[in-house]
There are 4 protein chains.
Amino acid sequence: MSGSTLGHLFRVTNFGESHGPAIGCVIDGCPPGMALEAADIQRELDRRRPGTSRHVTQRSEADAVEILSGLYEGRTTGTPIALLIRNTDQRSKDYANIAESFRPGHADYTYLQKYGLRDPRGGGRSSARLTAPTVAAGAVARKWLLEHHGVSLRAGMVQLGEIEIPFEGWHHVGDNPFFAPNASLIARMEDYMDELRRAGDSCGARIVVEASGVPVGWGEPLYDRLDADIAHAMMGLNAVKGVEIGAGFDSVAQRGSRHGDEMTPQGFRSNHAGGVLGGISTGQDIRVSLAIKPTSSIRTPRASIDVHGNPVTVETFGRHDPCVGIRATPIAEALLAIVLMDHALRHRAQCGDVRPPVTPIPASEGDTTR
Amino acid sequence: MSGSTLGHLFRVTNFGESHGPAIGCVIDGCPPGMALEAADIQRELDRRRPGTSRHVTQRSEADAVEILSGLYEGRTTGTPIALLIRNTDQRSKDYANIAESFRPGHADYTYLQKYGLRDPRGGGRSSARLTAPTVAAGAVARKWLLEHHGVSLRAGMVQLGEIEIPFEGWHHVGDNPFFAPNASLIARMEDYMDELRRAGDSCGARIVVEASGVPVGWGEPLYDRLDADIAHAMMGLNAVKGVEIGAGFDSVAQRGSRHGDEMTPQGFRSNHAGGVLGGISTGQDIRVSLAIKPTSSIRTPRASIDVHGNPVTVETFGRHDPCVGIRATPIAEALLAIVLMDHALRHRAQCGDVRPPVTPIPASEGDTTR
Amino acid sequence: MSGSTLGHLFRVTNFGESHGPAIGCVIDGCPPGMALEAADIQRELDRRRPGTSRHVTQRSEADAVEILSGLYEGRTTGTPIALLIRNTDQRSKDYANIAESFRPGHADYTYLQKYGLRDPRGGGRSSARLTAPTVAAGAVARKWLLEHHGVSLRAGMVQLGEIEIPFEGWHHVGDNPFFAPNASLIARMEDYMDELRRAGDSCGARIVVEASGVPVGWGEPLYDRLDADIAHAMMGLNAVKGVEIGAGFDSVAQRGSRHGDEMTPQGFRSNHAGGVLGGISTGQDIRVSLAIKPTSSIRTPRASIDVHGNPVTVETFGRHDPCVGIRATPIAEALLAIVLMDHALRHRAQCGDVRPPVTPIPASEGDTTR
Amino acid sequence: MSGSTLGHLFRVTNFGESHGPAIGCVIDGCPPGMALEAADIQRELDRRRPGTSRHVTQRSEADAVEILSGLYEGRTTGTPIALLIRNTDQRSKDYANIAESFRPGHADYTYLQKYGLRDPRGGGRSSARLTAPTVAAGAVARKWLLEHHGVSLRAGMVQLGEIEIPFEGWHHVGDNPFFAPNASLIARMEDYMDELRRAGDSCGARIVVEASGVPVGWGEPLYDRLDADIAHAMMGLNAVKGVEIGAGFDSVAQRGSRHGDEMTPQGFRSNHAGGVLGGISTGQDIRVSLAIKPTSSIRTPRASIDVHGNPVTVETFGRHDPCVGIRATPIAEALLAIVLMDHALRHRAQCGDVRPPVTPIPASEGDTTR
């Protein structure tokens, strides 16, 4: 059973390969009546696009989105919204050597063994290019979340390889190519990237994603908890190796008397829970942290085997980001938006006529990012 | 859309509350012809059961499982396997105070606000007791995985609160009440637990779970990657706040030249990937690490509100584990088994006639637990 | 992928075999806050039960339902509702001959060939006994539909073998063992049944099922139209060989100028559509008609083969209804209730804040059963 | 929860509106390694296309399909296959009057009331044009079914309005514009159509669809029986009001001694079951019959209301088939192919290693179309 659909009620079905004719998605389940135009989606795609700074791939895809269906006179009709992005920058490159051997850290080996054949052009289906349709669908979700629930999303990089990036303020994120919530480390990060590039190497990153304004009550225990579905979406993103909610791995060494967030009529006193208790949103900020592994495509020679099982040495040339985590920021926001919107609809389906018996605790107090 | 079903083709639908008449599950999709008896399931349930050491809840549930359907003459018939566990230890306790206020760190507040009412007896549906049906279903999955693919699973605790537990060997896990893969720290851990108990406090834990023998090819990118579905299952477990695959958060500071696992005809040279590349199993050990938060039920007084929105102080008395992570070990194994079995069937559905074109790389080399 | 779950948001997972320990189901997705007790379910089960007249199987199952979960203080909590019915009348019969050969018209052959083994006791999973959990789940759905939307359901038999039963009035249905909406043919039907019983033969039936009060707007085109999901549920019932909506097969010979239901501010002028246009409910009565095949278990000797492929003659003795269609009436109502409730929730998920722009056309005019 | 996806493992997600930029679908779950090219799909689309005879709509859409993804060097890769068909014949027609009132028998009223707004251009999403992507997806399924299981499909018209069409032979179907399995009635049918056209009226049709070569064992009871899923797919097709399997409604008046198909080592003696027993394929031909209602778009004036609730008279001009059933033939084949392929994969998932214990009964004997 193939797994190219994300979400249950707000359903995003992704298609395409890096160097095929096109990539895109079909969104089924979007509520009707929402104003939507291509520019709403293009804006998010442009944030993710390669070539926006010298630290990310220089592949010059326009990534222009076309809305094929689901709109009438500028409003969603409740029918599927199909989004199409043509692949325009398919360099006539020779993929023969990639087709013949397996790049360490890549999906070459697993795709071939699973399916019996694989599309080697630019990584085929396993390319990070396929995150573009996810970002496009996320743009629809975040628009609805904002208009219907006042939910806003934001993400930033808090570690680049060995460099920890102390949180100073969200407003910094838009001012630097690293999406860092900190203005003072940019030069150091640029040097670090240049050094990696010279060394033919790469590094990982840690990304935080947050949603504010999520009402209490979203999430479907036992198994489809809000945090579980967030973890599913995030771990499904290329290169992610770890996901935390709230205090995450720090909670291991915390005591219960510290971890459990106290409540007052004025608000929660802390947010170690990351906005989720028992798999259901508390009304506090949803806080997620991701570990992104270093880019696998590096110039440094590495041992591998070829399709005949013989040992080979693999070096990867061409356009590649030394840190794929940089571009992960808008994608992580999109994924969180899709999960939240799916849960908004799931909650409405079952509990659409429930009125929370207690006046919701404000999210404000204690809700500062660590 | 309620979320009480785990898995797509091997489907586990969980039901029950802590103090209702019974808990259990229905497993739909188990292949026919497998020998199965209640003892196969009871064995796993007994590992999870409270009261097995002085470090875990002394609630004395027999947790005896009854197989209601899906078997004929000791073999699975391919029809749903319903498992029933009666709740026997429902002490005639007064839950009025729990019903009136919200325990910090618990799901009391979120359940009430989501559904408009809640079952306060023993935490109702949000109780860790509901992991028993998951363990029962996991027992069926792990039996099939072993018989059909030679897959084996194991888990252990590698950190208890502030105490890091160096990995010495899996054989230690069965010899101590902490499921620790290390024999030398037991006394220190016992002292630590006693100290917490005296202080009326609790601590978290880090658990590792592994599966050996998983063939190359399981996992369904784009979204339902094997690691994504593992993250979903694990983050859906009570108290889990973080999930890592392979190197996890350590991969942030790793360089690509170190992280990407080199391949040779004799095997992979390392397993930073944790057995998954591009969302598909590599044939190496699947390695997962979990952060478990400290138990929320503690004797230490904590600030909260009542159902009228007034400030109150909450203290929790009664039987509670100072570290819920101890009992999480068999549950994590069960969850991993369910996810793997689901993916075994999903892979067979689509690729049942694919023969991997390359002789699979052995998993042995480099596959030692860090 | 096993198919023991009916519904998407109101999900009924059925388990059990005719002569196993128990049968039952888990309902996931029921909205919280609805008053519910076992008697609400038992009432519907009693209508379906064998042994209620001399024209149906004399198997004396009490079919007493136990609610295992999902309730607190008499109200649904929004968590799964597990329903259990113990099998009590498992006669110590010798099933060896059934196990060795295939009864014509039964699922013996197909179950064995599909699964490699089968439970021959009373038909195992393929027994009509497994409709009891469906009826139980339907009782929950119809209670919610009535309370939340004023929807009511009813069914009756309109043909018994060769005897067509003209519709006179729904009030007759409860007054005769055939669920016939006609009081004048009962003696003839009883004679017909006696004649069949003497001849060791059986007959089919046609059943109509209706729902009144369904609001305009339920149904999810393109594929999950309301009528499509009704057809799925009904054709999934044992012995059903045909399903019609509205005019059904009569519409083949109708002209468009007759078939298309005219609309006026006072109501629709007819209901050939059966309450569904474009897969979405119109607000008129939902009308469904079912063809039920004759009972396969008959005393008349029939040609078949045994499990070794040799020709044999099969005669079926024991307790069997000469017309299984008689008991199908309450089951068909239950199935329609489940489908409607599922669609009520599906509609609320996506369109929960849509207000129909036009004052709904009343259902009254032209809405008389043909 | 929107319902634009058909199938569980072979999943077809349909998008588009009659007069939007494009229509199409994404097929997820197709097994890898199958040779496929656009011509394989175009062939089936051309059979469905309007304008192929004077008895069907003269809209001149090229309906040229483009494969956007899922292929590499002419073979399926196991990743989603996206199919795109541009809408080219969007006449600059004034849809204002359609937008203002509701055509009887159409989905105008229900779409508007459900979604709060609707796309009135050519019926928008409810147009029969949206069957084109279904046909395209069906082409992929039928190619795989033929290559992997030797399954072949065929359909024909057996009643046109009042004209019953006796079955003479499948070879006639390709020789006449009605897809009739009979050569002698063509002139009469043409006259009948001309008469309807002159009268500004329309008629219904009955279609039969069959699949040969389906192995024993496909279908997932309890609820997702093969016949139930066929009924779902067929009743989900525009204008279908009834679905029969095998003897269908004729089985009501049959006796059990006639209906139950006897088995011999040489084959079944009849096929009243239509190739399905207990929801599982028997190995005989799968036989389905459909009732198609008369075209709703007719010139005859009809009573209706406008969007303000006022009475109006509606006449429909423009290109419309007097009998939509004519073009339903290739669509019904496509739907049956999709359902069968989905069940082939579902069966392989759970029972992939089951070997049927009994030598399968041949399908030949008694397997003639009535």
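Our structure is the block above this text.
Residues numbered from 1 in each chain as written. Chains lettered and ligands numbered in written order. Predicted model: local features only at pLDDT ≥ 70, side-chain atom pairs only at ≥ 80, totals over all residues. Heavy atoms only, no water.

**Describing the sheet that holds strand β1 (residues 5-6) of chain D**
All names here are of chain D.
Then, in step 1: Spatially, five strands are ordered β1-β2-β3-β7-β4 in an open sheet, and the strand pairing comes out antiparallel. Strands with a single pairing partner mark the edges of an open sheet, and in this sheet they are β1 and β4 (65-67).
Then, in step 2: With three bridges joining them, β4 and strand β7 (residues 81-86) adopt antiparallel strand pairing. Across the sheet, the residue bridging to Val65 is Ile85, located in β7.
Then, in step 3: Against the sheet, helix α1 (residues 38-48) engages β4 and β7, with an angle of about 155° to β4. (Pairing = 2+ DSSP bridges. Helix = DSSP H or I, 4+ residues; strand = E, 2+ residues; numbered from the N terminus. Contact = heavy atoms within 4.5 Å. Axes fitted to C-alpha atoms, helices over the stretch in contact; angles between N-to-C directions.)

**Considerations on the packing of helix α1 (residues 38-48) of chain B against helix α4 (residues 131-149) of chain B**
Residues and elements named next belong to chain B.
Then, in step 1: At a minimum axis separation of 8 Å, α1 and α4 run at an interaxial angle of 135°. Taken together, α1 and α4 sit at an angle that is classed as oblique. The way α1 lies across α4 gives a crossing that is right-handed. Listed contacts from α4 to Asp40, Ile41, Glu44, Leu45, Arg47 and Arg48 of α1 are Thr131, Ala132, Val135, Ala136, Ala139, Val140, Arg142 and Lys143.
Then, in step 2: Grouping the constituent residues of the contact of α1 with α4 by class yields seven nonpolar, one polar and six charged. (Parallel < 35°, antiparallel > 145°, perpendicular 65-115°, else oblique. Left-handed = near helix turned anticlockwise from the far one by under 90°. Nonpolar A, V, L, I, M, F, W, Y, C, P; charged D, E, K, R; others polar.)

**Concerning the interface of chain D and chain C**
Then, in step 1: In this complex, chain D contributes 118 residues to the contact, which on the side of chain C involves 117 residues.
Then, in step 2: Among the residues of chain D in contact with chain C, Met1, Lys114 and Tyr223 of chain D are the three that bury the most area, contributing 10% of the side total.
Then, in step 3: On inspection of chain D and its partner chain C, the count reaches eight salt bridges.
Then, in step 4: The salt bridge partner of Arg255 of chain C is Glu162 of chain D, with a shortest N-O separation of 3.6 Å. (Buried area = accessible area lost by both parts, 1.4 Å probe. Salt bridge = Lys/Arg side-chain N within 4 Å of Asp/Glu carboxyl O.)

**Digging into the environment of Leu185 of chain B**
Residues and elements named next belong to chain B.
Then, in step 1: Among the structural elements, Leu185 can be located in the loop between β9 (163-164) and α5 (186-199).
Then, in step 2: Taking the C-alpha atoms as reference points, Leu185 and Ile163, separated by 22 residues in sequence, lie 8.9 Å from one another.
Then, in step 3: What Leu185 contacts, discounting residues up to four positions off in sequence, is Glu164, Ile165 and Pro166.

**Focus: the relation of the copies chain A and chain B**
Then, in step 1: Screw-axis analysis of chain A against chain B gives a translation of 0.0 Å along the axis, an RMSD of 0.0 Å, and a rotation angle of 180°. Expressed as an axis order, the relation between the two copies is that of a two-fold axis. Proximity to the rotation axis, assessed at the C-alpha, singles out His232 of chain A in chain A; its C-alpha lies 2.3 Å from the axis.
Then, in step 2: Mapped onto chain B, 100% of the interface residues of chain A again fall at the interface, so both copies present the same surface. (Least-squares fit on C-alpha atoms with pLDDT ≥ 70 in both.)

**Some details on the interface of chain A and chain B**
Then, in step 1: Taken together, the contacts link 117 residues of chain A with 118 residues of chain B.
Then, in step 2: Here chain A meets chain B over a buried area of about 9500 Å², counting both sides, of which 59% is carbon and sulfur.
Then, in step 3: For chain A, the biggest contributors to the area lost against chain B are Met1, Lys114 and Tyr223 of chain A; these three give 10% of the whole.
Then, in step 4: Taken together, chain A and chain B are joined by eight salt bridges.
Then, in step 5: Between Glu220 of chain A and Lys114 of chain B there is a salt bridge, and its shortest N-O distance comes to 3.0 Å.
Then, in step 6: On inspection of chain A and its partner chain B, the count reaches 61 residue pairs in polar contact (both at pLDDT 80 or more).
Then, in step 7: Here the element with the most residues in the side of chain A that touches chain B is helix α3 (residues 108-115) of chain A; it accounts for seven residues.
Then, in step 8: Inspection of the sheet shows strand β11 (residues 240-245) of chain A paired to strand β11 (residues 240-245) of chain B by three bridges, in the antiparallel sense. (Polar contact = N/O pair within 3.5 Å; in protein donor to acceptor, adjacent residues only side chain to side chain.)

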